[in-house]
Each structure stands twice: as C-alpha cells, then as structure tokens.
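# Summary of structural features
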Amino acid sequence: MTETKKFNRRSFLTKSALAGGAATGSMLAAPAVLAQAPIVIKMQTSWNDANIWQDFARDYATRVEEMSGGRLKVDVLPAGAVVAAFQVLDAVNDGLIDAAHSVPVYWYGKNKAASLFGTGPVFGGSATTMLSWFYQGGGQELYNELTQDIMGLDVVGYMGFPMFAQPFGWFKNEVNTVDDLQGFKYRTVGLAADLMAKLGMSVAQLPGGEIVPAMERGVIDAFEFNNPSSDKDFGAQDVAKNYYLSSYHQASESFEFLFSKMFLEDLDPDLQAILKYAVEAASTANTAKAMDRYSADLQFLQNEAGVTVRRTSKEILDAQLKAWDELIPELESDPFMKKTLDSQREWVDRVAYYELMNSPDYGLAYEHYFPGKIKL
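Residues numbered from 1 in each chain as written. Predicted model: local features only at pLDDT ≥ 70, side-chain atom pairs only at ≥ 80, totals over all residues. Heavy atoms only, no water.

As named in an unreviewed UniProt entry, the chain is TRAP transporter substrate-binding protein, taken from Sulfitobacter faviae. Among the UniProt annotations of the chain, the heading Subcellular location (unreviewed entry) holds the following wording: "Periplasm". (UniProt positions renumbered as here; feature names shortened; annotations may be inferred.)

### A look at unusual backbone geometry
Even without being a glycine, F161 presents a positive backbone phi close to 65 degrees. Locating F161 in the fold gives a position in strand β4 (residues 155–162). Phi at S246 takes a positive value of approximately 85 degrees, unusual for a residue other than glycine. Tracing the backbone shows S246 in the loop between β9 (242–245) and β10 (254–260). (Helix = DSSP H or I, 4+ residues; strand = E, 2+ residues; numbered from the N terminus.)

### Structural notes on the packing of helix α7 (residues 191–198) against helix α12 (residues 314–331)
Put simply, α7 and α12 touch, their axes get as near as 9 Å, and they point 120 degrees apart. One way to sum up the angle between α7 and α12 is to call them oblique. Once α7 is placed against α12, the crossing between them reads as right-handed. Contact with α7, carried on its side by L191, D194, L195, M196 and K198, involves Q320, A323, W324, E326, L327, E330 and L331 of α12 and no other residues of that element. Residues belonging to the contact of α7 with α12 are distributed by class as follows: 7 nonpolar, 1 polar and 4 charged. (Axes fitted to C-alpha atoms, helices over the stretch in contact; angles between N-to-C directions. Parallel < 35°, antiparallel > 145°, perpendicular 65-115°, else oblique. Left-handed = near helix turned anticlockwise from the far one by under 90°. Contact = heavy atoms within 4.5 Å. Nonpolar A, V, L, I, M, F, W, Y, C, P; charged D, E, K, R; others polar.)

### Observations regarding the sheet that holds β10
Here we have 5 strands laid out as an open sheet, ordered β2-β1-β3-β10-β4, and mixed in their pairing. Pairing within the sheet leaves two strands with one partner each, and these edge strands are β2 (72–77) and β4. The mean angle between the axes of side-by-side strands here comes to 25 degrees, regardless of whether they run parallel or antiparallel. With 3 bridges connecting them, strand β1 (residues 39–45) and strand β3 (residues 99–102) associate as parallel partners. Bridge pairing in β3 places M43 opposite A99. Each of β1, β2, β3, β4 and β10 is contacted by helix α3 (residues 52–67), which is oriented at about 170 degrees to β2, the strand it contacts most. Sitting on the sheet, helix α6 (residues 139–150) is in contact with β4 and β10, with an inclination near 140 degrees to β4. (Pairing = 2+ DSSP bridges.)

### Section: a nonpolar patch on the surface
Nonpolar side chains collect at one region of the surface, where Y366, Y369, F370 and I374 lie side by side and expose about 430 Å² of accessible area between them. Within the fold, Y369 resides in helix α14 (residues 362–369). Owing to a relative accessible area of 62%, Y369 belongs among the exposed residues under this scheme. (Patch = residues over 30% accessible without salt bridge, like charges linked within 9 Å, V, L, I, M, F, W, Y side chains within 5 Å. Areas by Shrake-Rupley, 256 points an atom, 1.4 Å probe, with all protein chains shown as cover. Salt bridge = Lys/Arg side-chain N within 4 Å of Asp/Glu carboxyl O. Buried < 20%, exposed > 50% of the residue type's maximum accessible area, 1.4 Å probe, protein only.)

### Describing the environment of F86
Here F86 shows up in the loop between β2 and α4 (88–94). When its relative accessible area of 23% is taken as the criterion, F86 is described as partly exposed. It is 19 Å that separates the C-alpha atoms of F86 and Q166, two residues lying 80 residues apart in sequence. Once you skip the residues sitting within four places of it in the chain, F86 turns out to touch Y106, V189, Q205, L206 and P207.

### Concerning the UniProt feature "binding site: substrate" (unreviewed entry) in the chain
Per the UniProt annotation, the sites labelled "binding site: substrate" (unreviewed entry) are Q166, R187, E224 and Q250. Taking the farthest pair of C-alpha atoms as the criterion, the annotated set spanning 85 residues converges on one region, since that pair is 13.2 Å apart. Mapped onto the elements of the fold, Q166 is located in the loop between β4 and β5 (169–171). Taking the relative accessible area as the measure of exposure, Q166 reaches 1% and is therefore buried. Every residue in contact with Q166, bar those within four places of it in the chain, is listed here: E224, F225, N226, S246, S247, H249, Q250, A251 and E253. Following the sequence through the fold, E224 ends up in the loop between β8 (222–223) and α9 (228–233). Those residues in contact with E224, other than ones at most four positions away along the chain, are Q166, P167, F168, G169, Y186, R187, T188, V189, I211, H249 and Q250. Separated by 2.7 Å, the side chains of E224 and T188 make a polar contact. (Polar contact = N/O pair within 3.5 Å; in protein donor to acceptor, adjacent residues only side chain to side chain.)

### Topic: the pattern of salt bridges
Summed over the entire model, instances satisfying the criterion amount to 20 salt bridges. One salt bridge in this structure joins D268 and R71, with 3.4 Å as the shortest N-O distance. Of the two residues, D268 sits in the loop between α10 (261–265) and α11 (269–303) while R71 sits in the loop between α3 and β2, which places them 197 residues apart along the sequence. D268 sits in the partly exposed class, given a relative accessible area of 44%. One salt bridge connects E174 with R310, and the closest N-O pair in it is separated by 3.4 Å. Here E174 is found in the loop between β5 and β6 (185–187), whereas its partner R310 is found in strand β11 (residues 308–311), with 136 residues between them in sequence. What you see here is one network of salt bridges that share partners, running through K232, D233, R293 and D297.

### With respect to the sheet that holds β8
Strand order in this open sheet of 6 strands is β7-β6-β8-β5-β9-β11, and the pairing throughout is mixed. Both edges of this open sheet fall to β7 (202–204) and β11, since each of them pairs with a single strand only. Note that β9 and β11 share 4 bridges and pair parallel. Looking across to β11, one finds that L245 is bridged to R311. Strand contacts of α11: β5, β9 and β11, with the helix running at about 145 degrees to β9, the strand carrying the most contacts.

Written out as structure tokens, the structure is:
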C-alpha cells in the first residue's frame, strides 16, 4: 500500500471531524465547536459472530469508547467481513482495516516464529507466565523485531487475555495411548501442527469456522480449537463425543491486538494510550467472562450434550514433551527463534520456579471439599 493511500484514510477521519466543527463555528457557541464526530476504528477479528471471542473483542471496544469519552469508536467486524480469518495481519499492514483481534499463530505461514508468541514450547510456564514475559521479560521487543524489522510490517501489536491451556481436543473414539493416535487427520494450527505430526498424525490447519464442515466431509477425523464455549458454539459436540482436556500443544496463548502503526501514531497521545491500556482492561474482563462461560459450557457438554470429558493421559502428555524436545533444535537453527526461545527459557526458569514453589496444591483442596468429582 502506498503512503498516500494510508495518509488519506486516517487524515480524512481526523480532519473531516475538525473541519466540520470549524465550518459551524460562526453559528455555534464555543462548547458546541468542541463536539466532534468520533474517530471510527475498523477492527476485524478472526472469529465469527457465534464465537464467544467476538464478545471478548466487543469488551475491548466498549472500554475504548467509554475511556475515550466517545472520541473513539471501535467497529468490531467478524471474520470474513473484509478478509478471511488468517488474513487480518496483511489487512492491517495494507490499510484495509485499522486494527485486528486475532492470535499470532494465524500468520504462522508467513514466519514460523509467530508461533513462539503464544503457541510455542511449554517449558513449565502458564499463559499468565508468558504474557508477563511479553511485557516484562523482553517479549514485546522481540515481537517488534520480528514484525517490524524482520518482516518489515507497518503494525503495532499488544497481547491480552492469558488463555487457559487448550484441550487436546475432540475424537470420535477414546484415545489413551500414542498408538491410538496413529494415522488421525487432525486439525490444529502453528507449531502444534509440527508437534502432532511427530506423534503420528497428519495435520490440517483450518480456521475455527471450517472445522465442523471438514469433520462432516471426512477431511479430518479429530480436532482441537480452544475452549468449551467456542467449541460448543460451532457445534463440536455434533461431530464427536470424546473431549480431552489438558495438553502441551498450546498451553500459553493470548490474544493479539494489531494496529496499523501509521494509523496509531496519527492519533493524539492520550488516544494512543487508551487503545494500548484498554488491552489490559479487556484482559481482566475477558478472564472473568471466560471462567464463567467456559465452566458452564463444559457442564452443558457433559450433562446435556452427551459428551464424555476426560483428561489427556500421562502417556500422551509425556509424548508431547518428548516431541517438543525433537522440535526445538530444528527451530533453533533459525537465529531469531533461538534468541526468542533462550529468552523464554530464562524467564520461565526463574518465574515459574517461584510460581510452582509458592502455589499450594489446589487439586488437593478441591478434592477435600468436592470429593470424587475429578481425577487428577
């Protein structure tokens, strides 16, 4: 996209509002001149309207609008409104949209290092551990190096909402051993595709909205997406009845809030700050909503939809870690990926040590007060 094209989009939004106020200045009192039309930010997500994550994006929009006193309005669009789910990074960079709500793994096809920002190897840290690495451990600087310096993109990205570890997924039959997985056609995305291939599965990388049709056509016969609510909302329970929670394939992901760098820098500093810090506000709101909805929808799947919910076996979890062990040296042949993984290991070594040493055994407490409900 040319500089002129980007300039016109932003300048029209800002300057037309100012001009509108000036044009009526001779007829209106001074306070009325200050009233301007809001700057509308076109934000497309990678989710359809039925996905709870679209609600999470709207949580962000609400906070931006209220914090800005109506000076900013975020127009939240679903996947496909402007571009496909996996194309939002290009759309932001090219100025087709001003912002996107997605995950870095969705542009994994452009650079495998994308997957390290949320869906890389699990060294022992949770999503909260790794979101903290992004903001306090050097992750944001590495992200900027990848997107702006290595890839040459005109984008700024923030991370928010540390996701709960993603389920191993949905299967038509019970799976307890690595042998049970051999030959499956399995949907996942990012480095998890490489990981699952090492466990003996062939992998298809599909957006969430294409999973159930692919199951119905036999293109895939097992899959994961992210959480009980999103899975329920797109009908996972209609095509498989065995749901396995707990996995190391994507255990530390967060949302990516993408902005056109030029668009962002053209805003007043206080509005830039609102867009940045509203990510933190929405992160807290999203976590609370996810705890409520994910747990309730898991109960629905078990009690009303006929789904059998299990924890993934230790054999499969052990095999996933060993598969990461094989994959990491391959990734580290790339200098940037090695630098990023070294940074993550150093952070997790120190931070997760504190987290794990300090945390009581919550499973023990749960079993004490709710005996027999869960086998850990």
